[in-house]
Every structure is written in structure tokens, then in C-alpha cells.
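Descriptive analysis of the structure
Residues per chain are reported as follows:
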Amino acid sequence: MTTAVIITAAGRGLRAGGDLPKQWQMLAGRPVLARTIAAFTGFEVVITVHSADLERAKSLFSGQIVLGGADRAASVRAGLQALAGRGVTRVLIHDGARPLISREVIERVLSALETHPAAAPALPVTDALWRGADGLVAGTADRAGLYRAQTPQGFNFEAILSAHLSYNIPAADDVEVARAAGLNVAIVAGDEANIKLTYAGDFARAEAMIKELAMDIRPDIRLGNGFDVHAFCEGDNVWLCGHKIAHSKGLLGHSDADVGMHALTDAIYGALADGDIGQHFPPTDPQWKGAASHIFLKHAMARARARGYNLANCDVTLICERPKIGPHANAMRAALAAIMGVDVGKVSVKATTSERLGFTGREEGIAALATATLVQG
Ligand code: MG
């Protein structure tokens, strides 16, 4: 089932004040519409914009941009027509000026669409309702059964496309169009935070909520460490952090014995809570004998990316008396960065000795420590 999203941003409403329509104004340092689009990451998104905002839209969004029509319904119709014939089975139609839409509300709408041709979030009216005239209360109204409608409103794609094509009077929203075509619309729980920015005061409210929400949606930051040791053996070179150095000894190991790269690989697995190098590449398995260690590091990075993480930075410390690491540190950083597919500025390689103490001091082997930070997104 393919779900597409139409984000309506063609309105020119200036009730929020300022020179720009509200969806283009900044909200806590980021355009409102950019926030709304980001809320639908992972979906196929089409935005509808006014021709006057086309360039602005292009600078903000690299997906499909559709020119809106004379009113909201015409803009939605244009968005639906742009999606026709592309195998879309469900569509969510969302106000560009509702940037605080949560994944939970989106999921509730999608899940109601499993059993209904249409579904939309709403909140029951809890305040008393009055009729007013000339500044005086002229009567009260029963709030039972009344809801405040929100978006995204979700629909079976073909059903809402055909409903829009046969509807040509003004509509408050797409639910009204759907109901006119006889579709049952399920109500799912909306969210008080999912406000539609309309007046200047709404921006202050939304900014306060963004600060509050940030407490909950802090990016997931994961830290891992790794440690490895390899003994020296007969040889004339060592591989350290993906870089070959001529030396009076070699390093003993099942693979190429790149102790620095092994520690770093384990740091990434550690950050993911995803085992260690020996689990993924058992030393008992002959296929890894003499293997180049970049296979392990690439594997760990692929596991990180598959889970939505990227490397924020890593730091490797090699502990040995010799070979001297300093002259090679930048080449090692470049090699590791290339293997991981990250900027070299995120990769640190440094070295220390153990003051001639212990096995590294006696030049029996090399130890390595590594730390890696992964961030989501
Ligand atoms: Mg090792």
C-alpha cells in the first residue's frame, strides 16, 4: 500500500501578520512549512503552493511542488491529480500551517484507514458554547457530539480523487468533500499540540510547545567504546587504521590484525548494542582468515545506517612504543573516513605510549581504544 501526502501551502493568509503568508514565516528558527514537511519524512510528499511562492518553495523542498488553485479545494484537487496514476492507494491531506503534527496522530489516521475509506483527527469540544451578539451572550449551544477538526485527513486515494472531481462548491475541508460523496469518515483522537497557526499569538504558543516537545524528541545519541590488542610477530609491516606502515615486525591475527580498526568497529557495534566483531565475523570461520578489516568496519557502519544512525565522531587511540604513529595519523584518519563514508573531520586518530610499562611497553604488541558517537538522522 502506497501512502502519499499532500501538504497544502497555497494560502496567502496574512492574519498572522508579517509580510509573508504564515506557512513561510519562521517558527523557532525554521520556516513553518519546512517543519511540516519534516513531520512527514519517509512518505511521498507533494506540496501545493501559490505561484508567487514557487521559488521560495523550491529552495525549501526538493520533492514535487504543485501550483495551487483559486481556493483550498482547487489546490487539493491539483495535488490529487498530480498523484494520479502512480499507484498511490492512500492519501493524507495536511495543512501546511500545522507544523506540530505528531507521528502518533499520523499513525492513528493510517490505522483507521485500514477499515474506513476516510479518517481524520479531531478533539471533542470541552468549552461551553455561546452565541453572542453585540458583546452579550445571546444564547448557549449544546456541545455534545461536537468536535474540532484537525489534519491530516486521510482517504482512500481513488475515492477522494473522484469526490474532489465531482465537487465544485466551497468546502471547509476534505472531510466535507468526502462526506458529500457519501464516504464514511472515522474520527480518531487529535492532539492539542497540532494547532493551525493562524494568528500572531499562535506562533508564540507553538514556539513554547516546540521547546517543551524538544525535551521528548531529543535526538537519540549513542556512544560506544571498543578495545583490542594484537601481538607482534615476524614481519615487515603492520596495518593500522587502514594504513600500511613498514615496521620491523608484523601483527598476529586471524584477519589483517588492524588493531585500531577493530577497536573502532567494536565501538560502533557497541553504540548500537549490536554485539561485537567476533560475533559478526567469528575467528573460527575460515572465510575471514586474512580478511581486510575494512569489511568489518563497513559492516558496522551499514548496520548503523540501516537503523537510521550516522557517525557524529569517532576517536581512536593506539597504544605502542613503535612504530611512531604521529607521521601517519592523518593518512589513517583519511583511510578510516573513506571506509566509513564520512567527513575526515569526524575522525580522530592519536597515539600514546605506556611509558615502557606492560606488554605495549615491552613492544610485545599494540593495544587500541576507540570511542564512537552515533546520532539519529
Ligand atoms: Mg582484533
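What counts, and at which threshold
- Residues numbered from 1 in each chain as written.
- Predicted model: local features only at pLDDT ≥ 70, side-chain atom pairs only at ≥ 80, totals over all residues.
- Heavy atoms only, no water.
- Domains from an automatic or database assignment.
- Donors = N, O, S within 2.8 Å, 3.2 Å for Na, K, Ca; no water.
- Helix = DSSP H or I, 4+ residues; strand = E, 2+ residues; numbered from the N terminus.
- Buried < 20%, exposed > 50% of the residue type's maximum accessible area, 1.4 Å probe, protein only.
- Salt bridge = Lys/Arg side-chain N within 4 Å of Asp/Glu carboxyl O.
- 1 Å grid on protein atoms, 1.4 Å probe; cavity = no way out; pocket = protein on both sides within 12 Å on 5 of 7 lines; lining within 4 Å.
- Points joined across faces, edges and corners; volume = space filled by probe spheres on them.
- Nonpolar A, V, L, I, M, F, W, Y, C, P; charged D, E, K, R; others polar.
- Patch = residues over 30% accessible without salt bridge, like charges linked within 9 Å, V, L, I, M, F, W, Y side chains within 5 Å.
- Areas by Shrake-Rupley, 256 points an atom, 1.4 Å probe, with all protein chains shown as cover.
- Core = buried A, V, L, I, M, F, W, Y, C linked by side-chain atoms within 4.5 Å.
- Contact = heavy atoms within 4.5 Å.
- Pairing = 2+ DSSP bridges.
- Lys, Arg positive; Asp, Glu negative; His and termini not counted.
- Polar contact = N/O pair within 3.5 Å; in protein donor to acceptor, adjacent residues only side chain to side chain.

Here we look at the domain arrangement of the protein chain
With domains assigned, the protein chain is organised as domain 1 (3–212) and domain 2 (221–376). Spacing between the C-alpha centres of domain 1 and domain 2 amounts to 50 Å.

Examining the coordination of the magnesium ion
The protein atoms that coordinate the magnesium ion are Asp228 (OD), His230 (NE2) and His262 (ND1), at distances of 2.1 to 2.2 Å. Written as a sequence motif, the donor arrangement for the magnesium ion is D-x1-H-x31-H. Highlighted residues: Asp228 in strand E13 (residues 221–233) and His262 in helix H8 (residues 259–272), separated in sequence by 34 residues. Taken as a pair, Asp228 and His262 share a single burial class, namely buried.

What about the pattern of salt bridges?
Using the criterion set out here, one finds 16 salt bridges in the structure. Measuring nitrogen to oxygen at the nearest pair gives 2.8 Å for the salt bridge that ties Arg303 to Asp274. You can see Arg303 sitting in helix H10 (residues 294–306) and its partner Asp274 sitting in the loop between H8 and helix H9 (277–280), a full 29 residues away along the chain. Exposure remark for Arg303: the relative accessible area of 29% places this residue in the partly exposed category. Put simply, Arg72, Asp95, Arg98, Asp174 and Lys196 are held in one network by salt bridges that share partners.

Considerations on the layout of surface pockets
Roughly 390 Å³ of internal volume is contained in the second largest pocket. Looking at the lining of the second largest pocket, the elements that each hand over two or more residues are strand E1 (3–9) and helix H3 (72–83). Among the residues forming the lining of the second largest pocket, the class breakdown is four nonpolar, nine polar and seven charged.

A few points about a nonpolar patch on the surface
A cluster of nonpolar side chains, namely Phe227, Val229, Phe359 and Leu369, defines an oily patch on the protein surface of about 340 Å² accessible area. Residue placement: Phe227 occurs in strand E13.

As for the nonpolar core
Within the largest apolar cluster, 45 residues are counted, with the highest numbers of intra-cluster contacts made by Leu240, Leu264, Ile268, Leu318, Leu336 and Met340. Broken down by secondary-structure element, the contributors of at least two residues to this core are strand E14 (237–240), H8, H10, strand E17 (309–319), helix H11 (329–340), strand E18 (347–352) and strand E19 (365–376). When residues of this core are assigned to their parent elements, the largest contribution, nine residues, is made by H8. Beyond its immediate sequence surroundings of up to four residues, Leu336 is in contact with Cys241, Met261, Leu264, Leu297, Val316, Val347 and Val349.

A few points about the pairing of E19
Where E13 and E19 come together, 11 bridges link them in antiparallel fashion. Bridge pairing in E19 places Asn225 opposite Thr371. Relative to E19, E17 runs antiparallel, the two being bridged by 10 bridges. In the sheet register, Leu318 faces E19, and the bridge partner there is Ala368.

Describing the side chain of Asp258
Take Asp258: it is sitting in the loop between strand E16 (250–251) and H8. Buried within the structure, Asp258 lacks any salt-bridge partner; its nearest side chain of opposite charge belongs to Lys244, at an N-O separation of 12 Å. Among the polar contacts made by the side chain of Asp258, one reaches the main-chain amide nitrogen of Cys241 at a distance of 2.7 Å.

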